[in-house]
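The lines below spell out each chain.
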Amino acid sequence: MISPLTNKIIVIIGPTATNKTKVGITLAKMFHGEIINADAFQVYQELNVGVNKPTTAELKQVKFHLINFISIKDKWDIKRFQKEANIVIQDVYARNKVPIVVGGSHLYIDALIKNYDLDSNKERDERFNDWSVTKLQKHLIKYDQSLVQKIGSNHKRLVRALQNLTDHNLIHNIKKQIYEPLYILCTKPREQLYQDINQRVDYMLSDGWIEEVQQIIKHIKNYENLNAFKAIGYLNITHGLINPIAGIDINKIKQQTRQYAKRQLTWIRHHYKNTYAYNQHNLADVLHYVKQWLNK
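What counts, and where the lines are drawn
- Position numbers for residues start from 1 in each chain and track the written sequence from start to end.
- pLDDT decides what is reported in this predicted model: residues at 70 or higher carry local features, side-chain atom pairs at 80 or more are listed and counted, and totals for whole chains, interfaces and linings draw on all residues regardless.
- Side-chain figures throughout are based on the complete set of non-hydrogen atoms in the structure, without hydrogens or water.
- To qualify as a helix, a DSSP run of H or I must reach at least 4 residues; to qualify as a strand, a run of E must reach at least 2; elements of each kind are numbered from the N terminus.
- In this treatment the radius of gyration is a C-alpha quantity, and the globule benchmark scales as 2.2 Å times the residue count to the 0.38 power.
- Relative accessibility thresholds used throughout: buried, under 20% of the residue-type maximum; exposed, over 50%; partly exposed, between the two (1.4 Å probe, protein chains only).
- The contact rule is simple, with two residues in contact once any of their heavy atoms fall within 4.5 Å.
- Residue exposure ignores everything except the shown protein chains as possible cover, and the areas themselves are Shrake-Rupley values with a 1.4 Å probe.
- The set of buried Ala, Val, Leu, Ile, Met, Phe, Trp, Tyr and Cys residues whose side-chain atoms join them within 4.5 Å is what this entry labels a nonpolar core.
- Definition used for salt bridges: Asp or Glu carboxyl oxygen within 4 Å of a side-chain nitrogen of Lys or Arg.
- Pairs of strands are assigned from DSSP output, requiring at least two bridges between the strands.
- Axes here mean lines fitted to C-alpha atoms, for a helix over just the part in contact, with angles spanning 0 to 180 degrees between N-to-C directions.

Caption draft 1: Structural view of the overall build of the protein chain. Of the regular secondary structure elements, the protein chain holds 13 helices and 6 strands. For 296 residues, the compact-globule estimate of 2.2 N^0.38 gives 19 Å, and the C-alpha radius of gyration of the protein chain, at 19 Å, lies within 12% of that figure. Projected onto the principal axes, the alpha-carbon positions of the protein chain cover approximately 60 × 50 × 35 Å. Looking at the protein chain residue by residue over its 296 residues, the buried ones come to 49%. Long-range pairs, those at least 24 residues apart, make up 75% of the contacts in the protein chain with a sequence separation of at least 6. Of the accessible surface of the protein chain, which amounts to about 15,300 Å², a share of 49% is contributed by carbon and sulfur atoms.

Shown next, in the form of structure tokens:
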């Protein structure tokens, strides 16, 4: 066991559909760990199938935090995540357990591990205000091409999107780093990743995703304005339910998910230089490496 005073933390990153939860559970079992969810949408109680939330059986195997934590009616953002995750991690240390952060919301993870200063700063918040629409679009398209298409030339919304989606207004405001992280990168060959994403979308649709969306739009007003409905596929399914003639564009959901995975890979390539790769076949090697690292 490691000391309860240590600042070591295991961080499992990677694009969607690379078995991050599986690796996290295995590590938690072996090293007396607890998992801190770093997926921006698995935090919501009402979202399950469509965000590939850990199953009921998986949630019983080890201790999870920040899963089913709030309602979709509640506010959740990077600042609240950083605050709540830090509270959980300190509690995990106090009980002599190993914190294991698992998720694909890499900006959230960066804010936590690199200790971004997220307090309001007028100069920082207004960084993009003087940029032209064209410059804003060119910068935002690096992170989310579909969002640029949706926003168009609305200057105010482009500025807000950049403030929310990039670390440009955060990276220069880093406080002293609290934790010593070990990054485990879950990977797959690109062709296999895209094939698995397509199959997973089909599975989720057959596993109750549509019914899940039906229940949400039946019981919650103004659902389209909820942050939770930014999760891929939820609006696509909603529009298909409202307009049965057009139907649900399954291929579009698959395409958006593949594009998301591509953006995740780009982010990882630019932000994480020192990682240990899990390639879906070397779990024993990963466990050995983690054991050595914890015992240093």
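Caption draft 2: Expanded view of unusual backbone geometry. Despite not being glycine, asparagine 19 has its phi angle at roughly 65 degrees, a positive value. If you trace the backbone, asparagine 19 turns up in the loop between strand S1 (8-13) and helix H1 (20-30). A relative accessible area of 34% places asparagine 19 in the partly exposed class. The backbone of histidine 32 shows a phi angle near 55 degrees, a positive value even though the residue is not glycine. Position of histidine 32 relative to the elements: it lies in the loop between H1 and strand S2 (33-37).

Caption draft 3: Structural view of H1. When H1 is considered as a whole, its buried residues turn out to be Lys20, Thr21, Val23, Gly24, Ile25, Leu27 and Ala28. Residue histidine 32 follows H1 closely and has a positive phi angle near 55 degrees.

Caption draft 4: Structural view of the nonpolar core. Residues Leu47, Trp209 and Tyr234 are the most contacted members of the largest nonpolar core, which totals 53 residues. Setting aside its immediate chain neighbours within four residues, tryptophan 209 contacts Val49, Gly50, Val201, Met204, Ile232, Gly233, Tyr234, Ile237 and Ile253. Counting residues in hydrophobic clusters, the runner-up holds 23 residues, among them Val23, Val62, Phe64 and Leu287.

Caption draft 5: Main features of the pattern of salt bridges. Counted by the stated rule, this structure contains 7 salt bridges. By sharing partners, the salt bridges in this structure join Glu34, Asp91 and Arg95 into a single network.

Caption draft 6: Broad picture of the sheet that holds strand S5 (residues 180-186). Strands sit in the order S3-S2-S4-S1-S5-S6 across an open sheet of 6 strands; the sheet is parallel. The open sheet is flanked by strand S3 (64-65) and strand S6 (275-278), the only strands paired with a single partner. Running over the sheet, helix H3 (residues 78-94) touches S1, S2, S3 and strand S4 (98-102) and is turned about 175 degrees from S2. Where helix H4 (residues 106-113) meets the sheet, its contacts fall on S1, S4 and S5, and the angle it forms with S1 comes to roughly 170 degrees.

Keep in mind these numbers describe shape, not what the thing actually does.
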